[in-house]
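Summary of the model geometry
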Amino acid sequence: MLNNVLFYSLDKAIRRYRKFAQANIDRAGLNITIDQWLVLRVLLEDDTLTQTEIADRVFKDQASVARIIALLIKRGLLVTEALPHDGRRTQLRVTLAGQQMLDTVQPIVLDNRQTALQGISEDELTLLRQVLERIAANCSPARQPPKSEILSKTN
C-alpha cells in the first residue's frame, strides 16, 4: 500500500501544501506563483547567486528558473544590473515592486504555514526537521558510493 511508503506520504503532504498555499495566494488576488515567490525570496536574501545556485536552492531545474526569472524581469519584480568588474555577467536584484510583492504575500505565507502545522508540537517539529535533514544527508552526492563500487557488487 502506497500510504505505508514514507516518501509517498511526504510527497503527498508537500503537493497538498503547495496546492493549498497557491490557492490562498490566488484567492488574495495576487499574481504570483509559489515558485516565483521562492525565487524572489532567495534573491532578496542573496543577490550574488547564479541561476544554477538559485535553481539548487529552490529545487528546480535551470530551464524553469530561467523562465521564472525572465517573467519576473518582464513584470518589473526583478532587474538585471551589469557587474562593474565583469561586463559579461549581470546581477539580479529585487526591485521595489518585487519587495512590495514579497511584503504583501508574507502574511499569507505565515498563515498557510500556521494552518498546515496546526496541532503539531515544537518537539515534533524539531524531530521532523532532524529526520528530514538526516534523510537529505543520506541522499547527498557525497554519501553515494562510487559507480565502480556499485558495479562490483552487482557482478
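Residues numbered from 1 in each chain as written. Predicted model: local features only at pLDDT ≥ 70, side-chain atom pairs only at ≥ 80, totals over all residues. Heavy atoms only, no water.

Across its full length, the protein holds seven helices and two strands. Across the protein, helices and strands are ordered from the amino to the carboxyl terminus as α-α-α-α-β-β-α-α-α. On C-alpha atoms alone, the protein measures out to a radius of gyration of 19 Å, which is more than a quarter above the 15 Å that the 2.2 N^0.38 rule sets for 155 residues. Structurally, the protein occupies a C-alpha span of about 55 × 45 × 25 Å along its principal axes. The buried share of the protein, taken over its 155 residues, is 25%. Counting contacts in the protein only where the partners sit at least 6 residues apart, residues at least 24 apart contribute 45% of the total. Accessible surface computed for the protein: about 11,100 Å², of which carbon and sulfur atoms make up 56%. Taking the average place of the 21 positive charges on the side chains of the protein and the average place of its 18 negative ones, the gap between the two points comes to 6 Å. (Helix = DSSP H or I, 4+ residues; strand = E, 2+ residues; numbered from the N terminus. Rg over C-alpha atoms; globule rule 2.2 N^0.38 Å. Buried < 20%, exposed > 50% of the residue type's maximum accessible area, 1.4 Å probe, protein only. Contact = heavy atoms within 4.5 Å. Areas by Shrake-Rupley, 256 points an atom, 1.4 Å probe, with all protein chains shown as cover. Lys, Arg positive; Asp, Glu negative; His and termini not counted. Charge placed at Lys NZ, Arg CZ, Asp CG, Glu CD.)

Attention now goes to the packing of helix α2 (residues 34-45) against helix α4 (residues 62-74). Two numbers describe how α2 lies on α4: the axes approach to 10 Å, and their chain directions differ by 80°. Overall, the two elements α2 and α4 adopt an arrangement that is roughly perpendicular. Residues Asp 35, Gln 36, Val 39 and Leu 40 of α2 touch α4, and the partners they reach there are Ile 68, Ile 69, Leu 71 and Leu 72. Tallied by class, residues from the contact of α2 with α4 come to six nonpolar, one polar and one charged. (Axes fitted to C-alpha atoms, helices over the stretch in contact; angles between N-to-C directions. Parallel < 35°, antiparallel > 145°, perpendicular 65-115°, else oblique. Nonpolar A, V, L, I, M, F, W, Y, C, P; charged D, E, K, R; others polar.)

We now examine a nonpolar patch on the surface. The grouping of Leu 2, Val 5, Leu 6, Phe 7 and Tyr 8 at the surface amounts to a nonpolar patch, some 490 Å² of accessible area in total. By relative accessible area, Val 5 is classed as partly exposed at 38%. (Patch = residues over 30% accessible without salt bridge, like charges linked within 9 Å, V, L, I, M, F, W, Y side chains within 5 Å. Salt bridge = Lys/Arg side-chain N within 4 Å of Asp/Glu carboxyl O.)

This next bit is on the environment of Gly 119. Counting through the fold element by element, Gly 119 comes out in the loop between α5 (96-116) and α6 (122-138). Residue class for Gly 119 comes out exposed when judged on its relative accessible area of 77%.

Despite not being glycine, Phe 59 has its phi angle at roughly 60°, a positive value. Structurally, Phe 59 can be placed in the loop between α3 (51-58) and α4. Accessibility expressed as a relative area gives 75% for Phe 59, which makes it exposed.

Take the nonpolar core next. Ranked by size, the top nonpolar core spans 26 residues in total, and within it Ile 32, Val 39, Ile 54 and Val 105 carry the most contacts. At the level of elements, α1 (6-27), α2, α3, α4 and α5 are the ones that each hand at least two residues to this core. It is α2 that contributes the most residues to this core, six residues altogether. Leaving out residues up to four positions away in the same chain, Ile 54 has contacts with Val 39, Val 42, Leu 43, Leu 49, Val 65, Ile 69 and Leu 92. (Core = buried A, V, L, I, M, F, W, Y, C linked by side-chain atoms within 4.5 Å.)

Nothing here speaks to function; it is all geometry.
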